[in-house]
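Coordinate inspection notes
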Amino acid sequence: MKIKSLFESKFIKVFDLQYQEGRHYYNATRRDEEELVAAKSTEEFKKMLPDAVSCVVIWNPSDDDEKSGHEPCLLMNREFRYPTGQYLLSVPAGLIDPEDCTVDNDNTAPLIKTAMRELHEETGLKVTEEDEVSIINPCLFSTPGMTDESNALVKIVLNRDSLNGMSQEGAVGGELFDGFDLLTKTQAKKILEDGVDEHGIYYSVYTWAALTYFVADLWR
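Residues numbered from 1 in each chain as written. Predicted model: local features only at pLDDT ≥ 70, side-chain atom pairs only at ≥ 80, totals over all residues. Heavy atoms only, no water.

1. Here's the deal with the packing of helix H3 (residues 185–194) against helix H4 (residues 205–215)
Here is the rule: Here, axes are lines fitted to C-alpha atoms. For helices the fit covers the stretch in contact, and angles between N-to-C directions go from 0 to 180 degrees. By definition, any uninterrupted DSSP run of H or I lasting at least four residues is a helix, any uninterrupted run of E lasting at least two residues is a strand, and each is numbered from the N terminus. Small angles under 35 degrees read as roughly parallel and large ones over 145 as roughly antiparallel, with 65 to 115 read as roughly perpendicular and the rest as oblique. Crossings are sorted by hand: turned counterclockwise from the far helix by less than a right angle, the near helix makes the crossing left-handed, and turned clockwise it makes it right-handed. In what follows, a contact means two residues having at least one pair of non-hydrogen atoms within 4.5 Å. Three classes are used, and their members are as follows: Ala, Val, Leu, Ile, Met, Phe, Trp, Tyr, Cys and Pro are nonpolar, Asp, Glu, Lys and Arg are charged, and the others, Gly among them, are polar.
Where H3 contacts H4, the axes come no closer than 9 Å and their chain directions differ by 135°. The angle between H3 and H4 places the two elements in the oblique class. Remark: the crossing between H3 and H4 carries left-handed chirality. Seen from H3, the contacting residues are Lys185, Ala188, Lys189, Ile191 and Leu192; seen from H4, they are Trp208, Leu211, Thr212, Phe214 and Val215. Residue classes in the contact of H3 with H4 are distributed as seven nonpolar, one polar and two charged.

Laid out in structure tokens, this is it:
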């Protein structure tokens, strides 16, 4: 396969992938040419790290009782996504930084480190010893017909009775936030059924995944 760079910027690149003579496919990516997924062997593909981590964050108070008003909730934020021109119901998420990566071929540590960092940056909350952090899926492709962009899904269960200290002041770069949503199971199910959030706005596939995971009680 012949690879030709067509466009490069800090966060997005476009490559021409020539699989056969005269046959081209165009790939939008976050990766440098030497790290393109299309050029990896099957074994390299199976061991690769994703570009980013998306977090399914669940608040699990000790008084787990729907009648008391303290039932578990899915913690979401509202982040402005420039390509859509809208604030979207979103999960805490972010790119894996080089300093998150290890050199011992352990692909779990970078995902956990990134998830905990993004939780703190986007919500102001820090993971404690009482909380639970685990990987749901190590690598999912967003839109493989156009891009090799990928995310891991990581579960964070906040086992605490309050969410004091929540803040979106840790936003970096072009990140823009407009508050949080704490969704009960009933509210999350309605958003899934409606296909839009409570404001009638469409959401991302990773939001859909978080809603489904929470509603199905897969986090327990």
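2. So, the pairing of strand E1 (residues 2–8)
Condition: One bridge is not enough; two strands pair if DSSP finds at least two bridges between them.
Alignment of E1 against strand E2 (residues 13–20), held across six bridges, turns out to be antiparallel. Residue pairing across strands places phenylalanine 7 opposite valine 14, the latter belonging to E2. Between E1 and the antiparallel strand that follows it, E2, lie four residues.

3. What to know about the pairing of strand E4 (residues 52–59)
Put simply, the test is: The cut-offs for exposure are 20% and 50% of the maximum accessible area for each residue type, with area from a 1.4 Å probe on protein chains only; residues under the lower value are buried, those over the upper are exposed, and the others partly exposed.
Most of E4 sits out of view: eight of its eight residues are buried. By the bridge criterion, three bridges tie E4 to strand E7 (residues 93–95) in an arrangement that is antiparallel. Bridge pairing in E7 links serine 54 to alanine 93. Where E4 lies against strand E9 (residues 150–158), eight bridges are found, and the strand directions are parallel. Bridged to valine 57 within E9 is isoleucine 156. Where E4 meets strand E5 (residues 73–81), three bridges bridge the pair, whose relative direction is antiparallel. Counted as the bridge partner of isoleucine 58 is leucine 74 from E5.

4. Describing the pattern of salt bridges
This is how it is decided: We define a salt bridge as a side-chain nitrogen of Lys or Arg found within 4 Å of a carboxyl oxygen belonging to Asp or Glu.
All told, the structure shown has 17 salt bridges when counted by the stated rule. Aspartate 181 is the salt-bridge partner of arginine 78, the closest N and O atoms lying 3.0 Å from each other. Of this pair, arginine 78 sits in strand E5 while aspartate 181 is found in strand E10 (residues 177–183), placing the two residues 103 residues apart along the sequence. A single burial state applies to arginine 78 and to aspartate 181, both of which are buried. In this structure, aspartate 197 engages arginine 78 in a salt bridge whose closest nitrogen and oxygen atoms are separated by 2.9 Å. Taken together, the residues aspartate 197 in the loop between H3 and H4 and arginine 78 in strand E5 connect sequence positions 119 residues apart. Of the two residues examined, aspartate 197 and arginine 78, each falls in the buried class.

The values are spatial; any link to function lies outside them.
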